[in-house]
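# Analysis of the macromolecular model
Spelled out, the chains give:
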Amino acid sequence: MNAKVEKIINGRPVIASPVFKGGTQPAYWACVIEDRVQPKTFTSARDVFRFAEQRMRL
C-alpha cells in the first residue's frame, strides 16, 4: 500500500507519505507542509503530524 495520509493542521495541509525500500513496511515517512517538502524523515505518520503541529506553533 502506498497511501498518503493528509490532515489539515491550523488551516494548512500536511501530507505524510510512506517511502518503501523493498520491504512490506515503510522504511521511513516523508512530510510535506503546504507543498514544501521537509528535509527530515520520520518513523511514522503520527511523528509527521506531531512535527507539523510543533512547527506551526512557532
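Look up a bit, the structure's there.
Structural notes, computed from the coordinates. Every value quoted in this text rests on a predicted model; they were computed, and no experiment measured them. (Residues numbered from 1 in each chain as written. Predicted model: local features only at pLDDT ≥ 70, side-chain atom pairs only at ≥ 80, totals over all residues. Heavy atoms only, no water.)

The next point concerns the pattern of salt bridges. Here the structure, examined in full by the defined rule, presents two salt bridges. R12 is paired through a salt bridge with E34; the nearest N and O atoms lie 3.6 Å apart. Pair noted here: R12 is in strand β2 (residues 12-19) and E34 is in the loop between β3 (28-33) and β4 (36-37), with a separation of 22 residues, a long-range link. Look at R12 and you get partly exposed, because its relative accessible area is 36%. Between R50 and D47 there is a salt bridge, with the nearest N and O atoms lying 3.2 Å from each other. Separated by three residues within a single helix, R50 and D47 lie in helix α1 (residues 45-57), roughly one turn from each other. (Salt bridge = Lys/Arg side-chain N within 4 Å of Asp/Glu carboxyl O. Helix = DSSP H or I, 4+ residues; strand = E, 2+ residues; numbered from the N terminus. Buried < 20%, exposed > 50% of the residue type's maximum accessible area, 1.4 Å probe, protein only.)

Time to look at the pairing of β2. Here strand β1 (residues 5-9) pairs with β2 via five bridges, running antiparallel. Following the sheet pairing, I9 is matched in β2 by R12. Hairpin remark: β1 followed by β2, antiparallel, with two residues in the connecting loop; positive phi at N10, about 55 degrees. Pairing between β2 and β3: six bridges, direction antiparallel. Directly across from A16, in β3, lies its bridge partner C31. (Pairing = 2+ DSSP bridges.)

This next bit is on the packing of aromatic side chains. A complete count under the given rule lists one aromatic pair for this structure. Between the aromatic rings of F42 and F51, the centroid separation amounts to 5.2 Å while the plane-to-plane angle is 50 degrees, which identifies the pairing as tilted. Across the pair, exposure class does not vary: F42 and F51 are buried alike. (Phe/Tyr/Trp six-rings, centres within 6.5 Å; stacked < 30°, edge-to-face > 60°.)

A positive phi angle, close to 50 degrees, is found at E34, a residue other than glycine. Phi angles above zero are rare outside glycine, and D35 is one such case at about 65 degrees. Secondary-structure assignment places D35 in the loop between β3 and β4.

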